[in-house]
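The chain contents come next:
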Amino acid sequence: MTTTQQHVSLQTFVFSQEALDKRLANAEFNFLRSYGAVDRFSAPTSILMPQLETLFKEGRTLSEYHKPESTISLTVYLLKINIEELLEQVAEQTKALYLSELEEEKKRQQAILEQQLYQAQKDKEAKKEADKEAKLRAEAAAEAQRYFDNLSSAKEVQ
């Protein structure tokens, strides 16, 4: 039977701007690839083209992650008007999630340390009790030895 003891690590719950930046970049990339970042316009080409011209003049841009589709009708994906605001929300959610994960990891490491300290104290008390018992046994053995030494001395004298 093998026991694996967990070790406390103080580095696992330390805030890292680099780790947060990687998470933010990944979250932004995933959001921009989702349909939550785009408005879908689909209609016959003759109807959609004038609408697109107006939208492009207003500053709307095509999504680089969702390519236009053309069959009988044309489907175009434009980035949402409030994309910057949506990306800020994604960043805030990602940071909040990261900080909560750090807090959870801190609590997990604290629980490991608590268990280790408890076990160390328990082992110390058990050793103290075993030492006390060994001392009592040694004293009892010495007393018994003296008693029998006295008995054997008394018989020899007779």
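Up top is the structure.
Cut-offs applied
Residues numbered from 1 in each chain as written. Predicted model: local features only at pLDDT ≥ 70, side-chain atom pairs only at ≥ 80, totals over all residues. Heavy atoms only, no water. Helix = DSSP H or I, 4+ residues; strand = E, 2+ residues; numbered from the N terminus. Polar contact = N/O pair within 3.5 Å; in protein donor to acceptor, adjacent residues only side chain to side chain. Salt bridge = Lys/Arg side-chain N within 4 Å of Asp/Glu carboxyl O. Buried < 20%, exposed > 50% of the residue type's maximum accessible area, 1.4 Å probe, protein only. Pairing = 2+ DSSP bridges.

### Points about the environment of K57
Okay, so step 1: Checked against the element boundaries, K57 lands in helix 2 (residues 45–57).
Okay, so step 2: For the pair K57 and A140, spaced 83 residues apart in sequence, the C-alpha separation works out to 101 Å.

### A word on the side chain of R60
Okay, so step 1: Position of R60 relative to the elements: it lies in the loop between helix 2 and strand 2 (69–70).
Okay, so step 2: Polar side-chain contacts of R60 include one of 2.7 Å to the backbone oxygen of L79.

### Regarding the pattern of salt bridges
Okay, so step 1: A complete count under the given rule lists 8 salt bridges for this structure.
Okay, so step 2: Here R23 and E101 are joined by a salt bridge, their closest N and O atoms 2.6 Å apart. Within this pair, whereas R23 is found in helix 1 (residues 17–33), its partner E101 is found in helix 3 (residues 83–157), the two being separated by 78 residues in sequence.
Okay, so step 3: Given the relative accessible area of 34%, E101 is considered partly exposed.

### As for the sheet that holds strand 2
Strand-to-strand pairing in sheets goes through backbone hydrogen bonds, with the strands running parallel or antiparallel.
Okay, so step 1: Read from one edge to the other, the open sheet built from 3 strands follows the order 1-3-2, with strand pairing classed as antiparallel. Because the sheet does not close on itself, it has two edges, and the strands there are strand 1 (38–43) and strand 2.
Okay, so step 2: In this sheet, strand 3 (residues 74–79) lies alongside strand 1 in antiparallel orientation, the contact comprising 6 bridges. In the strand pairing of strand 3, R40 is matched with Y77.

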